[in-house]
Number of protein chains: 2
Amino acid sequence: MLKISEIKQHDGETVEIAGFVKQVRDLKKMQFVILRDVTESVQVTIFKGEEYKKLNETVSSLTLESSVKIKGKVHVDSFVKLNGVELLAEQIEIANLADNNLPIDLTDFNESNRDLRLDWRFLDLRSREHQLIFRVQTTAEMAMREFWIDHGFTEIHSPKLMGNPSESGAELFELNYFGGKAYLAQSPQFYKQMAIAAGFEKVFEIGPVFRANKSFTSRHDTEFTSVDCEFAWIDSYEDVMKFEEEWIAYLIKRVKEKHGDEIKEVLGREIVVPKTPFPRVSMDEAKEIIKSLDYEVPPETKGDLDPTAERLLGKYFKEKAGSDFVFVTEFPTSIRPFYHMYKPSDPSKTLSFDLLWNGLEVTTGAQREHRFPVIVKQGIEKGLIPASAMTDSGEVVIENLPTGLKDYLMCFNYGCPPHGGYGFGLTRMLMNLLGYTNVREVTFIYRGVDRLRP
Amino acid sequence: MLKISEIKQHDGETVEIAGFVKQVRDLKKMQFVILRDVTESVQVTIFKGEEYKKLNETVSSLTLESSVKIKGKVHVDSFVKLNGVELLAEQIEIANLADNNLPIDLTDFNESNRDLRLDWRFLDLRSREHQLIFRVQTTAEMAMREFWIDHGFTEIHSPKLMGNPSESGAELFELNYFGGKAYLAQSPQFYKQMAIAAGFEKVFEIGPVFRANKSFTSRHDTEFTSVDCEFAWIDSYEDVMKFEEEWIAYLIKRVKEKHGDEIKEVLGREIVVPKTPFPRVSMDEAKEIIKSLDYEVPPETKGDLDPTAERLLGKYFKEKAGSDFVFVTEFPTSIRPFYHMYKPSDPSKTLSFDLLWNGLEVTTGAQREHRFPVIVKQGIEKGLIPASAMTDSGEVVIENLPTGLKDYLMCFNYGCPPHGGYGFGLTRMLMNLLGYTNVREVTFIYRGVDRLRP
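Rules used in this analysis
- Residues numbered from 1 in each chain as written.
- Chains lettered and ligands numbered in written order.
- Predicted model: local features only at pLDDT ≥ 70, side-chain atom pairs only at ≥ 80, totals over all residues.
- Heavy atoms only, no water.
- Helix = DSSP H or I, 4+ residues; strand = E, 2+ residues; numbered from the N terminus.
- Buried < 20%, exposed > 50% of the residue type's maximum accessible area, 1.4 Å probe, protein only.
- Contact = heavy atoms within 4.5 Å.
- Areas by Shrake-Rupley, 256 points an atom, 1.4 Å probe, with all protein chains shown as cover.
- Lys, Arg positive; Asp, Glu negative; His and termini not counted.
- Charge placed at Lys NZ, Arg CZ, Asp CG, Glu CD.
- Least-squares fit on C-alpha atoms with pLDDT ≥ 70 in both.
- Buried area = accessible area lost by both parts, 1.4 Å probe.
- Salt bridge = Lys/Arg side-chain N within 4 Å of Asp/Glu carboxyl O.
- Polar contact = N/O pair within 3.5 Å; in protein donor to acceptor, adjacent residues only side chain to side chain.
- Nonpolar A, V, L, I, M, F, W, Y, C, P; charged D, E, K, R; others polar.
- Pairing = 2+ DSSP bridges.
- Axes fitted to C-alpha atoms, helices over the stretch in contact; angles between N-to-C directions.
- Core = buried A, V, L, I, M, F, W, Y, C linked by side-chain atoms within 4.5 Å.
- Phe/Tyr/Trp six-rings, centres within 6.5 Å; stacked < 30°, edge-to-face > 60°.

Asker: What is the right way to read the overall build of chain A from this model?
Answerer: A tally of helices and strands in chain A yields 12 helices and 18 strands. Projected onto its principal axes, the C-alpha coordinates of chain A cover approximately 100 × 60 × 40 Å. Evaluated residue by residue, chain A yields a buried proportion of 58% over its 454 residues. For chain A, contacts bridging at least 24 residues in sequence account for 63% of all contacts bridging at least 6. Total accessible area on chain A stands at roughly 18,500 Å², and carbon and sulfur atoms take up 49% of it. Side chains of chain A carry 57 positive and 70 negative charges; the gap between the two charge centres is 4 Å.

Asker: What is the right way to read the relation of the copies chain A and chain B from this model?
Answerer: One chain copy maps onto the other through a rotation about an axis and a shift parallel to that axis. In screw terms, the move from chain A to chain B is a rotation of 180 degrees and a rise of 0.0 Å along the axis, fitting with an RMSD of 0.0 Å. Such a combination of rotation and displacement between the chain copies is what one expects of a two-fold axis. Among all C-alpha atoms of chain A, that of A:Leu175 lies closest to the rotation axis, at 2.1 Å. When you check the interface residues of chain A against chain B, 100% turn up at the interface there too, and the contact is symmetric in its surfaces.

Asker: Sorry, what's going on with the interface of chain A and chain B here?
Answerer: Interfaces are often sized by the accessible area lost when the parts come together. With 100 residues of chain A at the interface, the matching set in chain B holds 100 residues. Carbon and sulfur atoms supply 64% of the area buried between chain A and chain B, which totals about 7,900 Å² over both sides. On the surface where chain A and chain B come into contact, there are eight salt bridges. Inspection of the region where chain A meets chain B yields 48 residue pairs in polar contact (both at pLDDT 80 or more). When residues of the side of chain A that touches chain B are assigned to their parent elements, the largest contribution, 10 residues, is made by helix α4 (residues 128-150) of chain A. Here the side of chain A that touches chain B is built from residues that sort into 54 nonpolar, 21 polar and 25 charged.

Asker: What exactly am I supposed to notice about the sheet that holds strand β4 (residues 67-76) of chain A here?
Answerer: Within a sheet, neighbouring strands are paired by backbone hydrogen bonds and run either parallel or antiparallel to one another. All names here are of chain A. Read around the barrel, five strands follow the order β1-β2-β3-β5-β4 and close on themselves; strand pairing throughout is mixed. Taken pair by pair, the neighbouring strands of this sheet meet at an average axis angle of 55 degrees, ignoring direction. Lying over the sheet, helix α1 (residues 53-61) contacts β1 (14-26), β2 (30-36), β3 (41-47) and β5 (85-96), oriented at roughly 70 degrees with respect to β5.

Asker: Is there a simple way to think about the nonpolar core in this case?
Answerer: Among soluble globular proteins, nonpolar side chains are generally buried collectively. Ranked by size, the top nonpolar core spans 188 residues in total, and within it A:Trp148, A:Trp247, A:Met429, B:Trp148, B:Trp247 and B:Met429 carry the most contacts. Setting aside residues up to four positions removed in sequence, A:Trp247 forms contacts with A:Met144, A:Phe147, A:Trp148, A:Val227, A:Tyr422 and A:Phe424.

Asker: Would you mind showing me how to read the packing of aromatic side chains here?
Answerer: Geometrically, a pair of aromatic rings is defined through the distance of the ring centres and the angle of the planes. Residue and element names in this part refer to chain A. Counted according to the given criterion, the structure contains 60 aromatic pairs over all chains. With a centroid separation of 4.5 Å and an interplanar angle of 10 degrees, the aromatic rings of Phe278 and Phe325 are classed as stacked. In this pair, Phe278 is assigned in the loop between α6 (237-267) and β12 (280-282) and Phe325 in strand β13 (residues 325-329), connecting sequence segments 47 residues apart. On the basis of relative accessibility, which here comes to 2%, the residue Phe325 falls in the buried class. Note on Phe338 and Tyr408: the rings are 6.3 Å apart at their centroids and 85 degrees apart in plane angle, and the pair reads as edge-to-face. Here Tyr408 lies in helix α10 (residues 403-410) and Phe338 lies in the loop between β13 and β14 (342-343), a separation of 70 residues in the sequence. With relative accessibility at 3%, the residue Phe338 sits in the buried group.

Take a look at the structure:
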């Protein structure tokens, strides 16, 4: 069986294809069926007449979105509007006849019918646009893994069931676990660091994470695919940024090679492989730039950038440096987690960064704090660890470490090497790459506050 | 920085390595440190004397499992027991000094200390045996994906949060979802079929699944990594077996190429790339064979094979056909799910199979039922769908389909093509490949009834 995209190379030959019925036209002397498979659509032409009676009856019985197998002769002809090729049908076999009443219109995709489309996601996904998204996703993920593995990374699958709430305890899903309680992982952060403590040196994971976030925005979901890596023996968070930019450039290069033409044709979008290194700007410098653009970040962000500031910064570096990407570094300690390493010369800043892509934050990364007394001290300062867990002379009192963090913190008491890493949302990558603005379109089966089906 | 496995190629050069301190010996005229990284161990030699005072002091302060960076001159010397190479230290930098009291003995791995080892899994994983397991896992998974992608598969990430209990409702984890209820996916089965209905044609997924199974055996866990694929336009479940055996042979070939020597050295195990096709035997024939071996499958299995029968069958085909693998086909309808396709000439049998590897079941696969009225009828017969969902003349009454199955079943009402697939447990694969008998050893961070930490 051939893919529809392949038949043009078989002019004059009899081939077999299979797919969904996209359109049927019944004319006086001819019947036409537009058939679509995962690659393309093609016009299938059926002559009318006594000798074609069986074929004609089959075509007449076809409903839209039925799946059929068709055998026929390939006829390359520039007069055929659809790709200049048709199939002259010799045999049509209905594999599964679709119900005549389609619940959604497969030619009409917009905001207003999104909820209904998500109800019928398996039909919604049959469009070429949606199919393309997931083929791009496949290529992008494979490219990420190729790059990691070429650099000596080991793949891990960290547990999603946890005995204790991990980081903040906010936005956490709780479940009944044989009469006790368990929690769903919000990120593989602690476990990828545990892998570093376990001597894996370099690890990656692509897997689900869960956030009990009540937001209904176009960017929020309660379950998404997180892309994470972590590696040991770095000298600075600069090593992490250096790795990430090459990794991103590689995956975009692979996507362009494999799907660039189709993305242009279907989505009208040019894939541009970014030049490395990406520009870097410290948070202090970033705020100066934003100020010079006559915008003031509102105080509610507590030292972070707000979406407007991110957009302005993205635009600024696009114009100044021709880059879609910019690393913002040295985020204030006050808005970063306790496990980020603080800047030795100024502990009000962290050795961390965010990556903006087209003015949208896509990554948070950092060098992690790997020194046992230091991370405990930082946890105490953040109020996550009781003060009793440290003596006045700065020694850790292990028995006073909180249960929920103890397994994690103890990793640093037995020679965990210096390390850093970053995390990336798979859907954010797809939205930026392909120009989508709603996470629901680029998620296979979306999960949100009010959506647990299909 | 070099990997320890690479330094032998740099005889006479000054290089830098990093890793964990495995052993320290302080002799009269010399100090020795055995350093281990993700690849290998090496002897680091330090001369004693006034000019080496600082180095000697550093070595004296070293504790086991501390992480250090060492600069030194490579000296290839066949008199050095460990790999015939040593590093003559010039500079030693302690990155993180380990607590002197290690909670487990890293040279002693056995059954009796397993629970303690799992408590300290990050230390347990530092052994070369454990490191090897996860490098083999990385290679195996990558090989699976290479094979799939070469065959036109698309990667999916199906949701793990579900609004309704899926298959049986047994062994299901339930969670609080914004005041309502959600369930954790026990398998991606329904969603991978939904992807087929969505026109993806061929899909794969490697991701976590959750089973609230109360067993404490060496093979049970509550969370594991499931390896799944599904593809459309098959003619028979034979197509599924044919694909799976080539996929398995490919991944074992890749593991052998990349890790065969090390597996032999560390685990004493020879990796054998299987010949394809694997033998096939129908369940009826299998039972004849087992009978001829003077064993009777106990009636409690209700027509299934028990572990003894599987073992005998494995042994039989190893001797008869020289194969570690055997497909057992046409399982009784009574012990297969309602979505397997039944054999047209004998509906008491299914068009399904199990794969035995060394006499252990590793896969269940099947052609799926894709015809809407037929799958509904089979669901009614299994008691999963009320009889009212079908009229006497065999038409589906959509409004009487049960809520929990409706989204799934409706996929078959709109032209879902014929398809089939299989599922595989990642840890089962590793246990068979590397000769482990307890799933806890081959799982990065194990989850069981009484284990939710670390």
